Amino acid sequence: MNSLLSAPSVDRSSNILKTTLLLAALSALTLAIGQGIGGGRGLVVAGAIVAVMNFVSYWFSDRIALAMHRARPLEAGELPELRRSTEALAARAGIPMPRLYVMEEPTPNAFATGRNPENAAVAVTTGLISLLGPRELSGVIAHELAHIRNRDTLIMTVAATLAGVIAHVAQTLFWWGGSFLSRSDDDESDGGGAFASIGLLIVAPIVATLLQLAISRAREYDADATAAQITGDPQGLASALSRLESGNRALPYDQSPATAHLFIVNPLFIMPGQKINL
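Computed from a predicted model, the values in this text were never measured in an experiment.

Each value, and the rule that gives it
Residues numbered from 1 in each chain as written. Predicted model: local features only at pLDDT ≥ 70, side-chain atom pairs only at ≥ 80, totals over all residues. Heavy atoms only, no water. Helix = DSSP H or I, 4+ residues; strand = E, 2+ residues; numbered from the N terminus. Buried < 20%, exposed > 50% of the residue type's maximum accessible area, 1.4 Å probe, protein only. Contact = heavy atoms within 4.5 Å. Areas by Shrake-Rupley, 256 points an atom, 1.4 Å probe, with all protein chains shown as cover. Core = buried A, V, L, I, M, F, W, Y, C linked by side-chain atoms within 4.5 Å. Expected span 1.5 Å × (residues − 1).

Glancing now at the overall build of the protein chain. When its secondary structure is counted, the protein chain shows 8 helices and 4 strands. Secondary structure of the protein chain in N-to-C order comes out as α-α-β-α-β-β-β-α-α-α-α-α. A buried classification covers 47% of the 278 residues belonging to the protein chain. Sequence separation of at least 24 residues holds for 68% of the intrachain contacts in the protein chain that already meet a minimum separation of 6. Of the roughly 13,400 Å² that the protein chain leaves accessible, carbon and sulfur atoms contribute 63%.

Let us now look at the side chain of Asn-150. Its place among the elements puts Asn-150 in the loop between helix H5 (134-149) and helix H6 (152-176). Asn-150 gets classed as buried once you look at its relative accessible area, which sits at 4%.

The next thing to look at is the nonpolar core. Of all hydrophobic cores here, the largest spans 29 residues; its most connected members are Val-122, Leu-128, Val-140, Ile-141 and Leu-145. When contributions to this core are tallied by element, the ones reaching two or more residues are helix H3 (80-93), strand E2 (99-103), strand E3 (110-114), strand E4 (120-125), H5, helix H7 (190-231) and helix H8 (234-250). With 6 residues, H5 is the single largest residue contributor to this core.

With that out of the way, let us pick up H5. When the terminal C-alpha atoms of H5 are compared, their 22 Å separation across 16 residues agrees well with the 22 Å that a helix rising 1.5 Å per residue should span. Summarising burial for H5: 14 of the 16 residues are buried, a large majority. Trailing H5 by a residue or two, Arg-151 shows a phi angle of about 60°, which is positive.

Attention now moves to unusual backbone geometry. Positive phi, close to 50°, is recorded for Arg-70, a residue that is not glycine. Relative to the helices and strands, Arg-70 resides in the loop between helix H2 (9-68) and strand E1 (72-73). In this structure Arg-70 comes out as exposed when scored by relative accessible area, which is 57%. Even without a glycine there, the phi angle at Leu-79 is positive, about 45°. Relative to the helices and strands, Leu-79 resides in the loop between E1 and H3.

And the structure:
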């Protein structure tokens, strides 16, 4: 098993490099928005936003994600089978035992968060515990442990944060318009600067969303492969994913989509007539 788990290390390093480049692109896009809207002063403001968001995401991403979903720590003696399974799988994955959290939510789902394997957490819903059998539950936990082992949790949270900031700022400035689009630089005409700013405000959220999705999908595929190696039972994970997708279609998780990509399956399936709070 140790040899199997060491095999993906080269691919993981390659994926970290690719993701770092994507995160750099998100940061550059934020800086471009600032410069396109406010010239030199806008660039400085955008740089400050990038620095603050990266700092907050690094140190507090796990607390923010867990609080957003009202996850509570697993109490002593609660769900002993889940704890034993997680301990065994974490040992096979070669990572410390993560903190376990429970969300009182009938939608079956789970996610992992934390800036590194030493400061990681896995949260599961009560719906997931009641729906899955032991093999399927092991597959889900192994998938989340794979995210922790591959150091996906920090990367995905930072990407989500920056993409969300880009989209929010761009949309706010677009709808308010007026003085927000004024430029302080004298080397561009007002008309040209305004049109460039409007174009940037339209394109920026689209690009940010695409970059975030590219990061998330690549990470999910890697986590599936790593989880199968951890458990030695890929069919258990495949069965769990099928049941979780059906469960989330029947009981969509009515939450902000900001952290939707952290979950093992998309929690925002929209049924006819249903509204999702954005």
